[in-house]
Each structure stands twice: as C-alpha cells, then as structure tokens.
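# Close look at the chain arrangement
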Amino acid sequence: MVLVSPSHGGNVGAAARAMRVMGLRRLALVAPRFPGIAAHPEALAFASGATEVLAQAAEHASLDEALADVHLAVAVSADTREFSAAPVPPWEACAQVLAELRADAALQVALVFGTERTGLSIAQVQRCGLVTAIPGEADYHSLNLAQAVQVICWELRRALLAAEPAPAAAEPDAGPPATLAQLERFHEHFEQALVAVGFLDPAAPKKLLPRMRRLFARARPRAEEVDLLRGLCKQMLLAAQGRLPGRPPRG
Ligand code: SAH
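Note that the structure is predicted; figures quoted are calculated from it, not measured.

Cut-off values and rules
- Residue numbering note: each chain is counted from 1, following its sequence as written.
- In keeping with the predicted nature of the model, local features appear solely for residues at pLDDT of at least 70, side-chain atom pairs appear and are counted solely at 80 or more, and the whole-chain, interface and lining totals rest on all residues.
- Hydrogens and water are ignored here; the side-chain numbers use all heavy atoms of the structure.
- Where each domain starts and ends follows an automatic or database-derived domain assignment.
- Throughout, nonpolar core names a set of buried Ala, Val, Leu, Ile, Met, Phe, Trp, Tyr and Cys residues whose side chains join them through atoms within 4.5 Å.
- Exposure classes here rest on a 1.4 Å probe applied to the protein chains alone. A residue is buried below 20% of its type maximum, exposed above 50%, and partly exposed in between.
- Helix and strand assignments follow DSSP, with helices taken as H or I runs no shorter than four residues and strands as E runs no shorter than two, numbered in order from the N terminus.
- We call two residues in contact whenever any of their non-hydrogen atoms come within 4.5 Å of each other.
- Counted as salt bridges are all cases of a side-chain nitrogen of Lys or Arg within 4 Å of a carboxyl oxygen of Asp or Glu.
- Identification of polar contacts relies on pairs of N or O atoms within 3.5 Å, with a donor-acceptor requirement for protein atoms, meaning one able to donate a hydrogen and the other able to accept it, and with residues adjacent in sequence counted only if both atoms are side-chain atoms.
- Interaxial angles span 0 to 180 degrees and are taken between N-to-C directions of axes, which are lines fitted to C-alpha atoms, for helices over the stretch in contact.
- The cut-offs work like this: below 35 degrees is roughly parallel, past 145 is roughly antiparallel, 65 to 115 is roughly perpendicular, and the gaps in between are oblique.
- Gly is put with the polar residues, along with every residue not named as nonpolar or charged; the nonpolar set is Ala, Val, Leu, Ile, Met, Phe, Trp, Tyr, Cys and Pro, and the charged set is Asp, Glu, Lys and Arg.
- Like charges are joined within 9 Å and nonpolar side chains (Val, Leu, Ile, Met, Phe, Trp, Tyr) within 5 Å, but only among residues with over 30% relative accessible area and no salt bridge; these make up the patches.
- Only the protein chains shown count as cover for residues, and all accessible areas are computed by the Shrake-Rupley method using a 1.4 Å probe.
- We treat Lys and Arg as the positive residues and Asp and Glu as the negative residues; His and chain ends play no part in the count.
- All charge positions are set by atom: Lys at NZ, Arg at CZ, Asp at CG, Glu at CD.
- Between any two strands, at least two bridges found by DSSP are needed for them to pair.
- Proximity criterion: a residue is near a molecule or strand once any of its heavy atoms comes within 4 Å of it.

Now for the domain arrangement of the chain. Domain assignment breaks the chain into domain 1 (2-162) and domain 2 (180-240). Look at where the C-alpha atoms of domain 1 and domain 2 centre, and you get two points 56 Å apart.

Here's what the structure looks like:
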C-alpha cells in the first residue's frame, strides 16, 4: 500500500491496522506532511497493535521513487471523471492483481492512495496501469483515506479466500464421513430396492445408477446418513415383498 502525502497520523495508523488484519504488511509513505509520521503518537494509537507495519513503513520523497521497483501500480481514486482510463470496481482490480501474482509470484504490486484533501493528481494516476474506484453514491462517494484502504485490503483478502476455498466445515455432531466401502454397500442395497419397487428395470437400467452414484458422491454423506439410507432401502424391500408389519401380503 502506498499512501501519497498523508497528512494525519491517525489515518496512517488506521491504514496500518486495516492492512495487518487483512494480512498485508508493506506500507510506503510518499512525502508525508511531516517526516516520521508513522511514529507519531496518533498513528500508534490508531494502529492499535499493528505497530510492526508502522515501524517498517518506508518513506519516499516522490511517487516515482516509491514505484521504482514496482511492476504493476493500481491507482485507488475516488474521483476518476477526468481520467481517460475507465476505473474498474475494486473486486475486478483485486482479482486481476491476484491473477497476475499467481502467474508470477515475484511481481511487485502497489496500490496507490491519494492525499486526504485533494486525492491523487492526474499525473499520479497516470503513473499507474490500472485505476480502481469504490463505487459510492454519485453525489457523495469520497471515503476517509483509511476507510478506503480498508475496503481495498478486504477486497484483496476476499479474492484470496475465494481462490482458496476453506474445506467445508463439518456440522459439529455429524460424525465421521462414510467410507467408500460403506457407500458401495449402500449402492448395492439401493439397487436391489429400486428393482424391487419397480423403479429400475434390470433389463434396461439406462443411466439411472450412474446418475444416482453422482448424486450421492456429491452429497459426501456421513456414515450415519448412509445408515439412514440403508434403513430406507430395507423398508422399500419389505414393502415390495408385502412384508411391512400391519399390512396384509400382496397377491
Ligand atoms: N476529495 C478527494 C478525496 C480524497 S480521500 C478525492 O476526490 O479524491 C483520500 C483517498 O482515499 C483518495 O485519494 C483515494 O485514494 C481514497 N478514496 C476515498 N474514497 C474513495 C473511493 N470512493 N474510491 C476509491 N478511493 C477512494
């Protein structure tokens, strides 16, 4: 994250906090209103423990200096009307950044934020290959600097989490998943039951069984659930044979 000419220590600290929570640590400050802004008591107070990000923040005299080793810079700008490149929404910019990083892990990417009062200049935006704007209300869309940093850090995090889906959380009392052997016994049982109730014609099975297999494979049933299904198969077989308790045999 690159902050151009930040003027409030509080914003620098709050930006550091937002970054740290979302797993980002490299902060660069370009020509801050006063040197050492990252060590200002207000910055430390707003960083609320994300002090390492502040301590390691780099200070640069110019944006060109800050971007010297960067391969892709993204301008984060509230006001993009006068710039030629149409801004993309943050989720698209962040997805693109992650895709490029995935293709080349050595790529250095910078997200560039403007100064509190006037934002990024046209020349500063033109240093960047991509422009993103957080689409707020047309007549009131300028966020506080640290809040804008928060939104962008969250979008990056979200894109990252979406790319690496967490393993599906098991219900706490769901018990162990069914083994393939348990599933196989169920499929045999189910086939017999389907034949018995006349749903499956063994002479012309068509695609029913493979489709059922796909359905149950997708559901990833638990052992307990397979037991339940086998109870159902048993009942279907009994019903087909007219052996359900309380019912006279058929025929
Ligand atoms: N009046 C200024 C406001 C600057 S706010 C302007 O119109 O640009 C400080 C910085 O926060 C901006 O330069 C930008 O980097 C970021 N910011 C605030 N609101 C934003 C928005 N809706 N979309 C993208 N960035 C925003």
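Here we take up the nonpolar core. Counting residues in hydrophobic clusters, the biggest one holds 31 residues, and the most contacted among them are M1, L3, L27, L54, L111, F113 and V149. The set of elements that each furnish at least two residues to this core consists of α1 (9-21), α2 (41-47), α3 (51-55), β4 (72-76), α5 (90-103), β5 (109-113) and α7 (145-163). For this core, the leading source of residues is α7, giving six residues. The residues contacting V149, other than those within four sequence positions of it, are L3, A15, M19 and F113.

Let us look at the pattern of salt bridges. Overall, the coordinates contain four salt bridges when judged by the stated rule. Between R158 and E155 there is a salt bridge, with the nearest N and O atoms lying 3.3 Å from each other. Residue R158 and its partner E155 are both found in helix α7; the two are separated by three residues, about one turn of the helix. Under the relative-accessibility criterion, R158 is labelled partly exposed at 41%. Judged by its relative accessible area of 10%, E155 falls in the buried class.

Note that T132 resides in strand β6 (residues 130-132). Within polar-contact distance, the side chain of T132 engages the backbone oxygen of V88 at 2.7 Å. Among residues more than four places away in sequence, those in contact with T132 are V74, A75, V76, S77, P87, V88, P89, P90, A93 and I152.

With that settled, consider the packing of α1 against α7. Two numbers describe how α1 lies on α7: the axes approach to 8 Å, and their chain directions differ by 10°. Relative to α7, α1 is oriented roughly parallel. Touching N11, A14, A15, A18, M19 and V21 of α1 are L145, A146, V149, Q150, C153 and R157, all from α7. The residue makeup of the contact of α1 with α7, split by class, is nine nonpolar, two polar and one charged.

There is a patch of like negative charges on the surface, built from D173, E224, E225 and D227. Relative to the elements of secondary structure, E225 occurs in helix α10 (residues 223-240). Judged by relative accessible area, which is 38%, E225 ranks as partly exposed.

Once that is clear, we can look at the sheet that holds strand β3 (residues 58-60). With parallel pairing, the six strands of this open sheet are ordered in space as β3-β2-β1-β5-β4-β6. With one partner strand each, in any of the chains shown, β3 and β6 form the two edges of the open sheet. In this sheet, adjacent strand axes meet at a mean angle of 25° when their direction is disregarded. Across three bridges, the pairing between β4 and β6 is parallel. Opposite V76, over in β6, you have T132 as the bridge partner. Against the sheet, α7 engages β1 (2-4), β4, β5 and β6, with an angle of about 150° to β5.

Across the five residues that make up β4, a large majority, five, are buried. Bridge analysis of β4 against β5 gives five bridges, and the strand direction is parallel. Within the sheet, the bridge partner assigned to A75 lies in β5 and is V112.

A few words now on the site of the ligand. Close to the ligand lie 19 residues; V76, G114, I134, H141 and L143 are nearest. A distance of 3.1 Å separates an oxygen atom of the ligand from a polar atom in the backbone of G114. Between the ligand and the protein, one listed contact pairs a nitrogen atom with a backbone N or O atom of H141 at 2.7 Å.

Its location among the elements puts V74 in strand β4. The class for V74 is buried, based on a relative accessible area of 0%. Sequence separation between V74 and V125 is 51 residues; the distance between their C-alpha atoms is 8.3 Å. For V74, the residues in contact, after removing those within four places along its chain, are A93, V97, A110, L111, V112, C128, L130 and T132.

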